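Listed here are the chains, written in short residue letters.
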Amino acid sequence: MNIYVSNINFRATEEGLREAFERFGEVSSVKIITDRETGRSRGFGFVEMPNDSEGTAAIEQLNGVDFFDRQLSVKQAEARPEGGGGRSFNKGGGGFNRGGGGGGGYKSGGGRRDGGYEKRW
């Protein structure tokens, strides 16, 4: 079971998070996500537990628990959409600076809710 953990204190370590989850069973991996540029924690991460019942118990028991002076938010991770998901820039549909279609992207012209006002900065 892949578990999403958010509101992680920036001082917390992967080892500390692993210890918290190991109270409920085997932990196969722990990853706190960091900023690419600074290396600083982004405040969320993922814990992988091979046994679903142990993972469910960990979610139920650790959600809302104080961990390094912050209340953890713990839930089952949702599967990533095919193709990696995320926002696309300079592509069709909802991308930025892409005209035509009812895409709704910035400067797209179609279906605008701002009454035709084009924000410039």
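Here the structure is shown first, and the text comes after it.
Criteria and thresholds
Residues numbered from 1 in each chain as written. Predicted model: local features only at pLDDT ≥ 70, side-chain atom pairs only at ≥ 80, totals over all residues. Heavy atoms only, no water. Salt bridge = Lys/Arg side-chain N within 4 Å of Asp/Glu carboxyl O. Helix = DSSP H or I, 4+ residues; strand = E, 2+ residues; numbered from the N terminus. Buried < 20%, exposed > 50% of the residue type's maximum accessible area, 1.4 Å probe, protein only. Pairing = 2+ DSSP bridges. Arc of directions from axis to C-beta. Contact = heavy atoms within 4.5 Å. Axes fitted to C-alpha atoms, helices over the stretch in contact; angles between N-to-C directions.

**As for the pattern of salt bridges**
Under the counting rule described, the total for this entry stands at two salt bridges. Notably, a salt bridge pairs R11 with D69, separated by 3.4 Å at the nearest N-O pair. Here the residue R11 occupies a position in the loop between β1 (2-6) and α1 (14-22), and D69 occupies one in the loop between β4 (66-67) and β5 (70-71), the gap between them amounting to 58 residues. For the pair formed by R11 and D69, the shared burial category is exposed.

**Remarks on the pairing of strand β3 (residues 41-48)**
In this structure, β1 lies alongside β3, joined through five bridges in antiparallel fashion. The partner of S6 across the bridge, within β3, is F44. Judged from the five bridges that link them, strand β2 (residues 29-34) and β3 form a sheet pairing that is antiparallel. Opposite K31, over in β3, you have F46 as the bridge partner. Two successive antiparallel strands, β2 and β3, enclose a turn made up of six residues, where G39 displays a positive phi of approximately 80°.

**Overview of α1**
Every α-helical turn comprises 3.6 residues, leaving residues that sit three or four positions apart pointing alike. Every buried residue belonging to α1 is among G16, L17, A20 and F21, and all of these are buried. With its buried residues spanning 135° around the axis, α1 presents them on a single face. Taken together, the buried residues of α1 touch β1, β2, β3, α2 (52-62), β4 and β6 (73-76).

**Comments concerning the sheet that holds β2**
With antiparallel pairing, four strands are arranged side by side in an open sheet as β2-β3-β1-β6. Since the sheet does not close on itself, it has two edges, and those belong to β2 and β6, each with one partner. On average, adjacent strands in this sheet sit at an angle of 20° to one another, irrespective of strand direction. Against the sheet, α2 touches β1 and β6, its axis set at about 155° to β6.

Limitation: the analysis is restricted to geometry and does not speak to function.
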